[in-house]
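A closer look at the structure
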Amino acid sequence: GIQVEQSPPDLILQEGANSTLRCNFSDSVNNLQWFHQNPWGQLINLFYIPSGTKQNGRLSATTVATERYSLLYISSSQTTDSGVYFCAGPPYNTDKLIFGTGTRLQVFP
Amino acid sequence: DTAVSQTPKYLVTQMGNDKSIKCEQNLGHDTMYWYKQDSKKFLKIMFSYNNKELIINETVPNRFSPKSPDKAHLNLHINSLELGDSAVYFCASSQDASGVNEQFFGPGTRLTVL
């Protein structure tokens, strides 16, 4: 089955720093989502981005579907950005999301 | 207005008991899912239902039985609970089962089996 690799596994930042998280898929997927799991355990939808670039405030994402990877950019990080970031996508002909192993982000004041 | 809701939020129980988790979505979606997040934070699909019909069953033990009384609800019943069932269970929904639509997740139910 499809493997989803995320890097880095852990990231520690000071408030105000920028970061880039990467998600690689071993095979093509139907779509791609980025989630933030906050310290309370909620899974929050950040982006639905099968291809191209989207921006939402300090966050933006780019997916290059032909090369099977996606990037999540966080600018001017804040302590509330802390948590685990997951990417996920379904293989073709299915809707089951295959999740990456996540990037744990800690932002310190 | 909560889009995907689950009850209970926390569930602590003894080995061997039977328990249920309920999920409701008010998005008008046709497809609903159960995912399990283990202690290492790994998320994996368990089941999906499309319009009350089982579509995906990911080799989950038959102690787990999902039930969809209507397309807005998908419940998960677990028999004879084991220690290894301790996890966070997430319900999700999507417009349909085509795989091209966004999935939205509930707040999760943390199950602890003692």
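Relevant structure appears above.
Predicted model, so just to flag it, every value in this text is computed and none were measured.

**Points about the state of the cysteines**
By the definition in use, this model includes two disulfides over all chains. Paired through a disulfide, A:Cys23 and A:Cys87 show a sulfur-sulfur distance of 2.0 Å. Across the S-S bond linking A:Cys23 and A:Cys87, the dihedral sits near 80°, which makes this disulfide right-handed. Note that A:Cys23 is positioned in strand 3 (residues 19-25) and A:Cys87 in strand 9 (residues 83-89), a separation of 64 residues in sequence. A:Cys87 shares its class with A:Cys23; the two are buried. In this model B:Cys23 forms its disulfide with B:Cys91; the gap between the sulfur atoms is 1.8 Å. Taking the torsion about the sulfur-sulfur bond, which here is approximately -80°, the covalent link between B:Cys23 and B:Cys91 counts as left-handed. With B:Cys23 in strand 3 (residues 19-25) and B:Cys91 in strand 9 (residues 87-94), this pair connects stretches of sequence that are 68 residues apart. Neither B:Cys23 nor B:Cys91 differs from the other in exposure class; each is buried.

**Remarks on the interface of chain B and chain A**
Counting from both sides, the interface comprises 23 residues of chain B and, opposite them, 17 residues of chain A. Here chain B meets chain A over a buried area of about 1800 Å², counting both sides, of which 51% is carbon and sulfur. The interface formed by chain B and chain A includes one salt bridge. In this structure, the connection of chain B to chain A is made through 11 residue pairs in polar contact (both at pLDDT 80 or more). If you list the elements that add at least two residues to the side of chain B that touches chain A, you get strand 4 (31-37), strand 5 (43-50) and strand 10 (103-105) of chain B. Top contributing element to the side of chain B that touches chain A by residue count: strand 4 of chain B, with four residues. Class assignment of the residues belonging to the side of chain B that touches chain A gives a composition of 12 nonpolar, seven polar and four charged.

The rules behind each value
- Residues numbered from 1 in each chain as written.
- Chains lettered and ligands numbered in written order.
- Predicted model: local features only at pLDDT ≥ 70, side-chain atom pairs only at ≥ 80, totals over all residues.
- Heavy atoms only, no water.
- Disulfide = S-S within 2.5 Å.
- Helix = DSSP H or I, 4+ residues; strand = E, 2+ residues; numbered from the N terminus.
- Buried < 20%, exposed > 50% of the residue type's maximum accessible area, 1.4 Å probe, protein only.
- Contact = heavy atoms within 4.5 Å.
- Buried area = accessible area lost by both parts, 1.4 Å probe.
- Salt bridge = Lys/Arg side-chain N within 4 Å of Asp/Glu carboxyl O.
- Polar contact = N/O pair within 3.5 Å; in protein donor to acceptor, adjacent residues only side chain to side chain.
- Nonpolar A, V, L, I, M, F, W, Y, C, P; charged D, E, K, R; others polar.

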